[in-house]
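# Analysis of the macromolecular model
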Amino acid sequence: MEECKPTEISSSKMFGGYNKRYKHFSPTLGCSMTFHIYFPPSPSPSHKFPVLYWLSGLTCTDENFIAKSGAQRSAAKEGIALIAPDTSPRGLSIEGEADSWDFGVGAGFYLNAIQEKWKNWRMYDYVVKELPKLLNENFPQLDTLRASISGHSMGGHGALTIYLKNLDKYKSVSAFAPIVNPINCPWGQKAFSNYLGGNKADWEEYDATCLVKKFNDVSATILIDQGEDDKFLHDQLLPHKFAEACSSAKVPLLLRTQPGYDHSYYFIATFIDDHISHHAQAVKLPTPP
C-alpha cells in the first residue's frame, strides 16, 4: 500500500543535521500519522546512525520535543538519530476522544486498548512494531537494531514499560518525570479503566513499578530525572514507588531529583544532554555474541 510509505512534509537544518517531518498511513492505528526524525550530520553516505526514540507526554504531538528540547546539539555531536512519534491516533472522530486533555487524542498512554470503542488506540504496537519496521524499510541511514528509548511524563511511562517488556530491542532507557505507577494515580486510573476495562491484571501490564518486578534482567542503568518543584510529583508521578521496586528487584536505577525544576520543557532542556550521553554510551557498546 503506497500511502504506508512515509512522505516528507518539512525539513529544517539544525546543528549540521536535519529535522525532518513525515506523514504516513498507519495500518496499526487506522489513520494517518506524523513523526519527526532528526538526522545528525553524516560522516559518509553509507554511515548508519543508532536511534533514540522519544515518547512525548499528555497533549503533545511529534513536534514538542523537536522544537523545545534542544536535544539536537548533543545528538549531532554523538551521532544519534532522534525519532519522535505522535502521542495517539488522530482524526478518527471517536465520540469523546477530545473531551478532556488527559484522555483520548494526545493521550494514548503507549498501550494497546482492549475496550472496543478505543480499539484503534494501539500506540504500544505502533512504537514497538510498526515504526521500527517502517524506519528500517525506508531509511537505510538508520540502524534500528541499535536503539534506545526515552520520554517525558506519559512518555516516560511509555519508555519504561516498553523497555522492560522488550529488553532485547532497546539498549537503554531514560525518562523525565515519568508516570511510573499509573495504577495508583488519577491519570493512569482514568486512562486504564477506559482503554483496558476493569481487570487490574491488565493494568499491571502497563505499569513500570509492577513490570520491573518480573522483567528485572536489566543490564544498563535506568536514568530518571525528576524536578522537585513539579506540581504533579506527589499525586501523579510517584517516583519513590518505582525506586522501591527497583531496589527490591536489584535493578540499577539512577533517580536524580533536581531542586527547583518543574514539569516543563525548560527542565527537559536543562538535562537532556546527560540523557543523550547515557544512550550514546549504550548504543555504541559492542553487541555481545
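Source: prediction; values computed, not measured.

Let's shift gears to the overall build of the protein. What the protein contains, in helices and strands, is 10 helices and 9 strands. In terms of C-alpha radius of gyration, the protein reaches 18 Å, essentially the compact-globule figure of 19 Å for 289 residues. Its C-alpha atoms give the protein principal-axis dimensions of about 50 × 40 × 40 Å. In the protein, which comprises 289 residues, the proportion classed as buried is 57%. Sequence separation of 24 or more characterises 71% of the internal contacts of the protein that already satisfy a separation of 6 or more. Working note: accessible area of the protein is about 12,100 Å², and carbon and sulfur atoms make up 51% of it. Counting 28 positive and 31 negative side-chain charges, the protein places the averaged centre of each group 4 Å from the other.

Within the secondary structure, Ser264 sits in the loop between strand E9 (253-258) and helix H10 (265-284). Residues Ser264 and His152, spaced 112 residues apart in sequence, show a C-alpha to C-alpha distance of 9.4 Å. Separated by 3.1 Å, the side chain of Ser264 and the backbone nitrogen of Tyr266 make a polar contact.

The next point concerns the nonpolar core. Within soluble globular proteins, side chains that are nonpolar tend to cluster in buried spots. One finds Phe109, Ile149 and Tyr195 to be the most contacted residues of the largest nonpolar core, which totals 91 residues. Apart from residues no more than four positions distant in its own chain, Phe109 is found in contact with Leu58, Thr87, Asp102, Met154, His157, Ile179, Trp187, Gly188, Ala191, Phe192 and Tyr195.

Let's shift gears to the pairing of strand E7 (residues 173-176). By the alternation rule, side chains of E7 split into Val173 and Ala175 and Ser174 and Phe176, which are all buried. Inspection of the sheet shows strand E6 (residues 142-152) paired to E7 by 4 bridges, in the parallel sense. Along E7, the bridge assignment pairs Ser150 with Ser174. The handedness of the E6 to E7 crossover, carried by helix H4 (residues 154-165), is right-handed. Pairing of E7 with strand E8 (residues 222-227), which is carried by 3 bridges, proceeds in the parallel orientation. Its bridge partner being in E8, Ala175 is matched across the sheet by Ile224.

Relative to the assigned elements, Ser26 resides in strand E2 (residues 17-26). The buried category is assigned to Ser26, whose relative accessible area is 0%. Between the C-alpha atoms of Ser26 and Cys4, which are 22 residues apart in sequence, the distance is 6.4 Å. The residues contacting Ser26, other than those within four sequence positions of it, are Cys31, Met33, Tyr126 and Glu130. Reaching out from Ser26, the side chain makes a polar contact with the backbone nitrogen of Leu29 at a distance of 3.0 Å.

The rules behind each value
- Residues numbered from 1 in each chain as written.
- Predicted model: local features only at pLDDT ≥ 70, side-chain atom pairs only at ≥ 80, totals over all residues.
- Heavy atoms only, no water.
- Helix = DSSP H or I, 4+ residues; strand = E, 2+ residues; numbered from the N terminus.
- Rg over C-alpha atoms; globule rule 2.2 N^0.38 Å.
- Buried < 20%, exposed > 50% of the residue type's maximum accessible area, 1.4 Å probe, protein only.
- Contact = heavy atoms within 4.5 Å.
- Areas by Shrake-Rupley, 256 points an atom, 1.4 Å probe, with all protein chains shown as cover.
- Lys, Arg positive; Asp, Glu negative; His and termini not counted.
- Charge placed at Lys NZ, Arg CZ, Asp CG, Glu CD.
- Polar contact = N/O pair within 3.5 Å; in protein donor to acceptor, adjacent residues only side chain to side chain.
- Core = buried A, V, L, I, M, F, W, Y, C linked by side-chain atoms within 4.5 Å.
- Pairing = 2+ DSSP bridges.
- Right-handed = clockwise from strand over helix to strand, strands pointing away.

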